[in-house]
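So the chains spell out like this:
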Amino acid sequence: MADRYIEVSLVKRDVTCTARLLDDRAPITCAAVWDSLPLAGDVYHAKYARNEIYALFPPFAATEPPLENPTITPIPGDLCYFTFAGAELGTKAYGYDREVRAGTTLVDLALFYERNNLLLNGDVGWVPGIVWGQVVDGLETMAEACNDLWRSGAAGESLSFRRA
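What counts as what
- Residues numbered from 1 in each chain as written.
- Predicted model: local features only at pLDDT ≥ 70, side-chain atom pairs only at ≥ 80, totals over all residues.
- Heavy atoms only, no water.
- Helix = DSSP H or I, 4+ residues; strand = E, 2+ residues; numbered from the N terminus.
- Buried < 20%, exposed > 50% of the residue type's maximum accessible area, 1.4 Å probe, protein only.

An unreviewed UniProt entry annotates the protein as DUF3830 family protein originating from Streptomyces indiaensis.

Rendered as structure tokens:
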């Protein structure tokens, strides 16, 4: 199979990076994401994992992917896929501007832009993610925009994933 690429963008900041899908390591997850593109949603900056931005989506795969190519220590440029029950994210401590209810499922598509990340959440413990993509171009510019997002705020900003 030929390599497949996507563009990951912070829409309002007009910053885009390119990532290669890791079809050889996470084929089920890559297929689920690829078949659902384009995807875009409100962006959030992580509170616990450190150097991470992400968007939340309703489930889009026929069945949720298994934990393939897992990590709890993502590196710069990793794209990760997480599935959460609404009860896991339903406290006000997470800062969502909409209700996240028990009984719902959410998919979290994340981009890690710098080192020293650890997927440990004080409420639920270890949170392994599926590494399904790796940024191959534009990470430095994206990291600068992510730092600006951290310091200036995410209100009104969207995170977009689309085929390159």
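Still more to cover.
It is worth spelling out unusual backbone geometry at this point. A cis amide bond, omega 5 degrees, links Leu 37 with the succeeding residue Pro 38. Relative to the elements of secondary structure, Pro 38 occurs in the loop between helix H1 (27-36) and strand E3 (39-42). The residue Asp 14 is not glycine, and still its phi comes out positive at about 55 degrees. With respect to the element layout, Asp 14 can be found in the loop between strand E1 (5-10) and strand E2 (15-21). We classify Asp 14 as exposed; its relative accessible area is 69%. The phi angle at Asn 116 is positive, at roughly 65 degrees, despite the residue not being glycine. Relative to the elements of secondary structure, Asn 116 occurs in the loop between strand E8 (105-112) and strand E9 (120-121).

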